[in-house]
Amino acid sequence: MNTVAKLAATAVALSFATEAAATEWNVSVWGKRRAFTEHVEKLAELVSEKTNGEFTMNVSYGGLSKNRENLDGISIGAFEMAQFCAGYHRDKNRAITVLELPFLGVNTLKEEVAVSHAVYEHPAVIEEMAQWNAKIIMTSPMPQYNIAGTGEPRDELAEFEGMRVRATGGIGEAFKAVGAVPTSVTSAEAFQAMQSGVVDTVAFAQHAHLSFGTINEATWWTANLNPGTVNCPVVVNIDAYEALSDAEREALDSSIPEAIDYYLSNYGELLKKWDDILVEKNVTKVEISDEQLAEFRKVAADPIRDAWIADMSAQGMPAQELYDLVVSTLEKAKMSN
């Protein structure tokens, strides 16, 4: 009996040791599974495969935190990975807001990945994120935002005067420059705000207009306004990242490029279907004239960029250097296309 007891005790100990060796991360995102989160889902899948299930990620859609509080959750270790958007708390992630300046000239998702990751690797960004115990591992590239609206289509800047638009960050500043009234309700609140008349229009990328239902309420959509986009990184808690074994860290790091590639492919399929979706939902596609677009850029692009550089420089950020990095990286990305 003594031998049996010892064997049983050994088996239990080995069982606990096996359980302790497994690594489980909680990942905080929001909304529902959609094109915007597919790289997170793919990353979890790849990491699990590469570690034979010893390193897993539980992706939670709103169950761990509100989207505006994800960076705070990372900072205190409430979860190990999260997605957030810079415009939700610009004071906490000042450096990366350079990526939300209007009319940067980014035309493709690949270009968005290139400029985002270049900025993420800048020492000022790394240092600022470290204040929140956060390390950015990848972006969530989105196409240029366009607005879905109710009522009569607006295709001239004069018609934007007084327009109530859901828009955050630099996009909100751009609309404000032409007389619109931006509000930064969360993506999850956008449909209700539109339905109740709190806003007339909502600025989103295509996937979000679908996922959050704003395209169902809209009567028109701008096809080529393209004022900019928002920047939404995926971050990990630094302590959790450093606690990974070498093999786990390699599994995570090596899976990021593949997860991004999967995201780009998946989003590309959505873009191919977009015109059919507009027809199906009886939404008019509005084309803004070149003259009106040029005027929008004149009013919004240079003044907002110059104000951002002056403001961030006054706060001790290398603002001009960050902006120049975006420009030079974008030039290289366009040459390689």
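In the block above lies the structure referred to throughout.
This structure is a prediction, so every number in the text was calculated from the model and none was measured. (Residues numbered from 1 in each chain as written. Predicted model: local features only at pLDDT ≥ 70, side-chain atom pairs only at ≥ 80, totals over all residues. Heavy atoms only, no water.)

Colleague: Help me out: how do you make sense of the overall build of the protein chain in this one?
Modeller: Each helix and strand counted, the protein chain has 13 helices and eleven strands in total. Taking 2.2 N^0.38 as the reference for a compact globule, 337 residues should give roughly 20 Å; the C-alpha atoms of the protein chain span a radius of gyration of 22 Å, in line with that estimate. Over its C-alpha atoms, taken along the principal directions, the protein chain stretches across nearly 90 × 45 × 35 Å. Within the span of the protein chain, comprising 337 residues, buried residues form 53% of the whole. For the protein chain, the proportion of contacts with a sequence separation of at least 24, taken over those separated by at least 6, is 77%. Charged side chains in the protein chain number 27 positive and 48 negative. The centres of these two groups are separated by 2 Å. (Helix = DSSP H or I, 4+ residues; strand = E, 2+ residues; numbered from the N terminus. Rg over C-alpha atoms; globule rule 2.2 N^0.38 Å. Buried < 20%, exposed > 50% of the residue type's maximum accessible area, 1.4 Å probe, protein only. Contact = heavy atoms within 4.5 Å. Lys, Arg positive; Asp, Glu negative; His and termini not counted. Charge placed at Lys NZ, Arg CZ, Asp CG, Glu CD.)

Colleague: How should unusual backbone geometry be read in this particular structure?
Modeller: Glycine aside, negative phi is the norm for most residues, and most peptide bonds take the trans geometry. A positive phi angle, close to 55°, is found at asparagine 133, a residue other than glycine. Summarising the element assignment, asparagine 133 is placed in the loop between helix H5 (123-130) and strand S4 (134-138). Phi is positive for asparagine 226, which is not a glycine, with a value near 45°. By the secondary structure assignment, asparagine 226 is in the loop between strand S9 (220-222) and strand S10 (234-237).

Colleague: Just checking my understanding: could you explain the packing of aromatic side chains for this structure?
Modeller: The description of an aromatic ring pair rests on the distance of the ring centres and on the angle between the ring planes. Under the criterion given, the structure shown has eleven aromatic pairs. When the ring of tyrosine 263 is compared with that of tyrosine 267, the centres are 5.9 Å apart and the planes differ by 35°; the resulting orientation is tilted. Placement of both tyrosine 263 and tyrosine 267 in helix H11 (residues 246-280) is noted, with a separation of four residues, approximately one turn of the helix. Taking the relative accessible area as the measure of exposure, tyrosine 267 reaches 0% and is therefore buried. Put simply, the rings of Phe103, Phe160, Phe175 and Phe296 pair up and form one aromatic cluster. One residue, lysine 135, lies across the ring of tyrosine 241, its end atom 5.3 Å from the ring centre. (Phe/Tyr/Trp six-rings, centres within 6.5 Å; stacked < 30°, edge-to-face > 60°. Lys NZ or Arg CZ within 6 Å of the ring centre and 35° of its normal.)

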